[in-house]
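# Structural characterization, general
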Amino acid sequence: MSEVKLSAETRTEFGKGAARRIRRDDKVPGVLYGHGSDPLHLTLPGHDLLLALRTPNVLISLDIDGKTNELAIPKAVQRDPLKGFLEHVDLLLVKRGEKVTVEVPVHAEGELAPGGNLLEHVLNALPVEAEATHIPESLTVSVEGLEAGASVLAKDITLPKGTTLAVEEDAVVLQVLAAQAEEVVEGEETEGEEVAEA
């Protein structure tokens, strides 16, 4: 698990106008909350934050006003729907050794059984509970040789040590579907054969 250090400043201006001014300076308004403390309104460096958020569930070490250091994970990120720049970020305060519930992306590897089968991601990310400083970046699942009708359940996925499921064990994560187009083609051939026989 990578830890990214960011410098943050507390902010006292609120509202749309203040947020626009912050973003004009290539910074992002954010809120740090958790552990029963009052929400702390921050200004974060835009480019550095954008790079940090490329890693899912990144652990951010915040240097706030050069006085305090806090650990946080991103909880909610708002982006501009057209241009994609960061508009606002909510950060959750965490402590070393503390368990947190997060969603970890699931990646499939391997080839399905021959026959044009399709792999459906029922869950793109698996809810797990892990220590804040040891959150897995992703989980990899082998789908090698799986045939139509096969499913990968949450309990089938190997989790790193210290990580537990935060979802039902029987929750379907991936399933293999038969290709629909082939069934239609076969049906058309059958109809053609029936006409020829008559």
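What you see is a predicted model; the values in this text were computed from it and never measured.

About the thresholds
- Residues numbered from 1 in each chain as written.
- Predicted model: local features only at pLDDT ≥ 70, side-chain atom pairs only at ≥ 80, totals over all residues.
- Heavy atoms only, no water.
- Helix = DSSP H or I, 4+ residues; strand = E, 2+ residues; numbered from the N terminus.
- Contact = heavy atoms within 4.5 Å.
- Polar contact = N/O pair within 3.5 Å; in protein donor to acceptor, adjacent residues only side chain to side chain.
- Pairing = 2+ DSSP bridges.
- Axes fitted to C-alpha atoms, helices over the stretch in contact; angles between N-to-C directions.
- Core = buried A, V, L, I, M, F, W, Y, C linked by side-chain atoms within 4.5 Å.
- Buried < 20%, exposed > 50% of the residue type's maximum accessible area, 1.4 Å probe, protein only.
- Arc of directions from axis to C-beta.

Note that Ala125 resides in strand 9 (residues 125–131). Sequence spacing of Ala125 and Pro105 is 20 residues, and the spatial spacing of their C-alpha atoms is 4.1 Å. Discounting residues that sit within four places of it in the chain, Ala125 has contacts with Glu103, Val104, Pro105 and Val106.

A few words on the side chain of Asn117. Within the secondary structure, Asn117 sits in the loop between strand 7 (99–109) and strand 8 (118–121). Among the polar contacts listed, one links the side chain of Asn117 to the backbone oxygen of Ala113, at a separation of 3.5 Å. The contact partners of Asn117, leaving out residues within four places of it in the chain, are Leu112, Leu146, Glu147, Ala148, Val176, Leu177, Ala178 and Ala179.

What follows concerns the sheet that holds strand 6 (residues 86–94). A barrel is described by the order of its strands in space; here six strands give the closed sequence 1-3-2-6-5-4, paired in mixed fashion. Going across the sheet, the axis of each strand differs from the next one's by a mean of 45°, ignoring polarity. When strand 4 (residues 59–64) meets strand 5 (residues 68–79), the two strands line up antiparallel, connected through five bridges. Its bridge partner being in strand 5, Ser61 is matched across the sheet by Leu71.

Counting residues in hydrophobic clusters, the biggest one holds 23 residues, and the most contacted among them are Ile73 and Leu126. Those elements that place two or more of their residues in this core are strand 5, strand 6, strand 7, strand 9, strand 10 (139–142) and strand 13 (172–177). In terms of residues, this core owes the most to one element, strand 7, which gives four residues. Those residues in contact with Ile73 that lie beyond four places of it in its chain are Asn57, Val58, Leu59, Asp90, Leu91, Leu92, Val94, Val100, Val102 and Ile135. Formed by 17 residues, the second largest nonpolar core is a distinct cluster that contains Val28, Leu53, Ile60 and Leu62.

The element strand 2 (residues 27–34) is extensively covered by neighbouring structure, given that six of its eight residues are classed as buried. Counting the residues in the hairpin turn of strand 2 and strand 3 (residues 37–45) gives two residues, including His35, whose phi is positive at 55°. Direction of pairing for strand 2 relative to strand 6: parallel, over a ladder of four bridges. From the neighbouring strand, Leu32 faces strand 6, where its bridge partner is Leu91.

Buried within helix 1 (residues 16–24) we find Ala18, Ala19 and Ile22. Projected down its long axis, helix 1 shows its buried positions confined to an angular sector of 100°, all on one face. More than 90 degrees from the buried face of helix 1, the exposed residues found are Lys16 and Arg24. Positive backbone phi, at 60°, marks Asp26, one or two positions downstream of helix 1.

Secondary-structure assignment places Gly34 in strand 2. Among the residues examined, Gly34 registers a relative accessible area of 14% and is labelled buried. Linking Gly34 and Leu91, residues 57 residues apart in sequence, is a C-alpha distance of 8.5 Å. When near neighbours in sequence (up to four residues on either side) are disregarded, Gly34 contacts Leu92 and Leu93.

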